[in-house]
Amino acid sequence: MSELIIGIDLGTTNSEVAVVRDGKPQVLTIDGESCLLPSVVGLDERDLLLVGSPARNQYLLHPERTIRSIKRRMGEDEQVNLGADHYTPQEISAMLLRQLKAVAESHLGQPVEKAVITVPAYFSDAQRKATREAGEIAGLTVVRILNEPTAAALAYEGGRNEPRTVLVYDLGGGTFDVSVVQMAGSVVEVLASHGNNHLGGDDFDQVIVEYLLDHLRQNHGVDASTSTTAMARLVRVAEEAKIRLSDRPFALIEEAYLLEQEGQPINLSLELARDDYEQMISPFIDETLQAVHIALNGAGLTVSDLDEVLLVGGASRTPLVAHQLEAALGLAPHGEVDPELCVATGAAIQGAVIAGAEVSTVLVDVTPYTFGTSAIGLLEGEEYPYLFVPVIRKNTPIPVNKSEVFYTTMDGQERVWVKVYQGEDADALNNTEIGSFMLEGLKDAPAGNPIVTTFSLDLDGILHVSSREKATGLEHSIHIDNALSRFEAQELAAARSRVERLFEGAVDGEEANPEAAQPRRSAEVRALVERAKQLMEDASGDDREDLINGVEALNEAVAAGDEAALATAMDGLSDLIY
């Protein structure tokens, strides 16, 4: 039996612990639900230590007794205040590591003494040494300090043996680095890295905080930055808004009784649009893209040499990141493995390898297709009414829920026609339409009335699509069953129909008796018509009209006794139904 070595991702915002059991890597839950331990420590009123969620919750009321984002201080000589005492960054980090060690021991039912701990590839020697010291303070033997991109690559590797060149884009809560990695089987080699140890999701939070401070100054004439408690609450709602904007086009930010002015409460309530948020953070994303090219130059490679792009770190969930990377590199980034958990997973795999254990492939459920809708936009430099707008992209882990906002194009527009497509082509008409519906009864408004469209895909392959008028809440939706297998089923049905017609047309190389084949053909016609009538009950708009036309064409072919027209009509109706 091999020895047990856990893997730890010691993060700026959250930390995780993972282990390989029975050959399979597993990220351990911290509180029975989440695998994320907030990287926050504090002391309560009785000077008892708080680690993780309790400390994060206390930060809103007592930020002076709470420490967060300590990873940014690793390698520094200065100490931080916690209560009446001073602690080194190593000691604060050790409190987090000690908690993760306890979580692992609780799950495994045995002592844990060894660990692989990850660090950003761009960490200096001093920062790496400080991380190792933190582990030792926590009572762990640190068998390896592992670069985060290497750990992420191990989690993504999944037993593939073909050599490939991978760009690992790691944007965490407080640090960013990009690495060019050469992978071949179990060998992962970092060719070049670049980054910024003070750039990450915390900076995204801060621009939202500044936006909220400006709002309070302009609308309430109050400076909330002078109150430590108000600032702590603003940081919390800013982080929550950032997370929501990863999947939603708008985030409502509300905080009651944030401050008091002349005896009157100041309540915060405003909406932040993703477009505005992305403008705020675009300078940060631009800086990361510059680092990408510096890393490529350091590796002596060009964009065309890359085979894959991997997203790592919670802040990489920001949609602008994937869009900008794809535009710059011509490759759609992979996100199959949870970007917040893949580093801990890779650290556990490395620990198991060191211990001599065998590790199975990491399996993750992802959507093999891109799902989206159409809108007016620019295609090849010209305005086009059927531009494909991806909402859920290929290789996205499922279940998943994503929303995008669209706008009416005419004054007083009363309805919008929502079509759902599967495919990868920029021209929606070249993709496969899998559903549609009409949202009617929109309010009388100028062009630009926002319509929020949401796609939800579950593990059973059921796609739920809804559109809602933002101003009124008017909503319509559809369910598309077996979205993940629909097209294989359609192809199978068409193939089955072709084969059956071959059997009907010839027996032992001779022409079949038309009279013998007639009863079977009549039964097929009745079955198709019956199925079409059942679908008409729930179909709407063009779908229902297409079904009616298909049935009429079938009946006319039967009445005329035209076998060629009958075969064509049956094929057409089969395509509509299946």
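> Explanation requested: the overall build of the chain in the structure shown.
From N to C terminus, the chain includes 13 helices and 27 strands. A total of 578 residues make up the chain; the buried ones form 49% of that total. In the chain, of all internal contacts separated by at least 6 residues, the share reaching a separation of at least 24 is 63%. Per element, the accessible surface of the chain, about 27500 Å² overall, is 48% carbon and sulfur.

> Hey, could you run me through the packing of helix H7 (residues 274-298) against helix H8 (residues 319-329) in this one?
Contact geometry of H7 with H8 gives a least axis separation of 9 Å together with a crossing angle of 45 degrees. As far as their axial angle goes, H8 and H7 are oblique. Note that H7 runs across H8; the crossing there is right-handed. Here Arg274, Glu278, Ile281, Ser282, Ile285, Asp286, Leu289 and Val292 of H7 come into contact with H8, specifically with Pro319, Leu320, Val321, Gln324, Leu325 and Leu329. Here the residues of the contact of H7 with H8 are counted per class, giving nine nonpolar, two polar and three charged.

> What am I meant to see in the pattern of salt bridges here?
Pairs can form between side chains of opposite charge whenever their charged atoms are close. Under the defined criterion, the tally for this structure stands at 25 salt bridges. For the salt bridge of Glu271 with Lys470, the shortest nitrogen-to-oxygen distance reads 2.5 Å. Here Glu271, found in strand S16 (residues 264-273), pairs with Lys470, found in the loop between strand S24 (463-469) and strand S25 (475-480); they are 199 residues apart in sequence, far enough to count as distant. Judged by its relative accessible area of 37%, Glu271 falls in the partly exposed class. For Arg415, the salt bridge goes to Glu440, with nearest N and O atoms at 3.4 Å. Here Arg415, found in strand S21 (residues 415-422), pairs with Glu440, found in strand S22 (residues 432-440); they are 25 residues apart in sequence, far enough to count as distant. Judged by relative accessible area, which is 48%, Glu440 ranks as partly exposed. Ionic contacts of the salt-bridge type, sharing partners, join the residues Arg233, Arg236, Glu240 and Glu255 into one network.

> Please clarify how unusual backbone geometry should be interpreted in this entry.
The residue Asp22 is not glycine, and still its phi comes out positive at about 55 degrees. Unlike most non-glycine residues, Glu262 shows phi in positive territory, near 50 degrees. Within the secondary structure layout, Glu262 lies in the loop between strand S15 (250-261) and S16.

> I keep staring at the pairing of strand S23 (residues 450-457) and nothing clicks. Help me out?
Where a strand is regular, its side chains alternate between the two sheet faces. Of all eight residues in S23, eight are buried, a share of seventy percent or more. What you see with S23 is no split at all: Pro450, Val452, Thr454 and Ser456 on one side and Ile451, Thr453, Phe455 and Leu457 on the other are buried throughout. The pairing of S23 with S24 spans seven bridges and is classified as antiparallel. Across the sheet, the residue bridging to Thr453 is Ser467, located in S24.

> How should I be thinking about the packing of aromatic side chains in this particular structure?
The full count for this structure, using the stated rule, is three aromatic pairs. Residues Phe204 and Phe284 carry aromatic rings whose centres are separated by 5.9 Å and whose planes lie at 35 degrees to one another, so their mutual orientation is tilted. One end of the pair, Phe204, is in helix H5 (residues 201-220); the other, Phe284, is in helix H7, and 80 residues separate them in sequence. Owing to a relative accessible area of 1%, Phe204 belongs among the buried residues under this scheme. Its end group placed over the ring of Tyr59, Arg68 keeps NZ or CZ at 5.3 Å from the ring centre. Positioned above the aromatic ring of Phe250, the side-chain terminus of Lys470 is 4.5 Å from the ring centre.

> Explanation requested: the sheet that holds strand S7 (residues 66-68) in the structure shown.
Hydrogen bonding along the main chain pairs the strands of a sheet, whether they run parallel or antiparallel. Spatially, the three strands line up as an open sheet ordered S6-S5-S7, and their pairing is antiparallel. In this open sheet, the two edge strands, each paired with only one partner strand, are strand S6 (49-51) and S7. Geometrically, the sheet is characterised by an average inter-axis angle of 15 degrees between neighbouring strands, direction not taken into account. Pairing of strand S5 (residues 40-43) with S6, which is carried by three bridges, proceeds in the antiparallel orientation. Within the sheet, the bridge partner assigned to Gly42 lies in S6 and is Leu50.

> How should I be thinking about the nonpolar core in this particular structure?
A general tendency of soluble globular proteins is for nonpolar side chains to be buried together. Residues Leu167, Tyr169, Leu234, Ile253 and Leu325 are the most contacted members of the largest nonpolar core, which totals 52 residues. It is H7 that provides the largest number of residues to this core, a total of eight residues. Discounting residues that sit within four places of it in the chain, Leu234 has contacts with Val209, Leu212, Leu213, Leu216, Ala224, Leu258 and Leu268.

> What exactly am I supposed to notice about the confidence of the model for the chain here?
Note that predicted coordinates carrying low pLDDT should not be read in detail. Averaged over all residues, the pLDDT of the chain equals 84, while 87% of them reach at least 70. The secondary structure element of the chain with the lowest average pLDDT is strand S26 (residues 506-507), at 40, and the one with the highest is strand S1 (residues 5-9), at 96. Across residues 505-517, where pLDDT falls below 50, the model places six contacts with residues more than four positions away in sequence or in other chains.

> Sorry, what's going on with helix H3 (residues 125-137) here?
Since the α-helix turns once every 3.6 residues, residues separated by three or four places project in the same direction. The end-to-end C-alpha separation of H3 is 18 Å, in line with the 18 Å expected for 13 residues at 1.5 Å each. Of the positions making up H3, those classed as buried are Gln127, Ala130, Thr131, Ala134 and Gly135. Each buried residue of H3 sits inside an arc of 140 degrees when the element is viewed along its axis, so together they form one side. Opposite the buried face of H3, at more than 90 degrees from it, the exposed residues are Asp125, Lys129 and Glu136. Check the buried side of H3 and you find it contacts helix H2 (89-108), strand S10 (114-119) and strand S11 (141-147). The positive-phi residue at the C-terminal boundary of H3 is Gly139, with phi of around 90 degrees.

> What is the right way to look at the side chain of Thr453 in this model?
Relative to the assigned elements, Thr453 resides in strand S23. On the accessibility criterion, Thr453 (3% relative accessible area) is buried. A polar side-chain atom of Thr453 sits 2.8 Å from a polar atom in the side chain of Ser467. Not counting residues up to four positions away in its chain, the partners in contact with Thr453 are Lys402, Ser403, Glu404, Phe406, Val465, Ser466 and Ser467.

Criteria and thresholds
Residues numbered from 1 in each chain as written. Predicted model: local features only at pLDDT ≥ 70, side-chain atom pairs only at ≥ 80, totals over all residues. Heavy atoms only, no water. Helix = DSSP H or I, 4+ residues; strand = E, 2+ residues; numbered from the N terminus. Buried < 20%, exposed > 50% of the residue type's maximum accessible area, 1.4 Å probe, protein only. Contact = heavy atoms within 4.5 Å. Areas by Shrake-Rupley, 256 points an atom, 1.4 Å probe, with all protein chains shown as cover. Axes fitted to C-alpha atoms, helices over the stretch in contact; angles between N-to-C directions. Parallel < 35°, antiparallel > 145°, perpendicular 65-115°, else oblique. Left-handed = near helix turned anticlockwise from the far one by under 90°. Nonpolar A, V, L, I, M, F, W, Y, C, P; charged D, E, K, R; others polar. Salt bridge = Lys/Arg side-chain N within 4 Å of Asp/Glu carboxyl O. Pairing = 2+ DSSP bridges. Phe/Tyr/Trp six-rings, centres within 6.5 Å; stacked < 30°, edge-to-face > 60°. Lys NZ or Arg CZ within 6 Å of the ring centre and 35° of its normal. Core = buried A, V, L, I, M, F, W, Y, C linked by side-chain atoms within 4.5 Å. pLDDT = per-residue confidence, 0-100. Expected span 1.5 Å × (residues − 1). Arc of directions from axis to C-beta. Polar contact = N/O pair within 3.5 Å; in protein donor to acceptor, adjacent residues only side chain to side chain.

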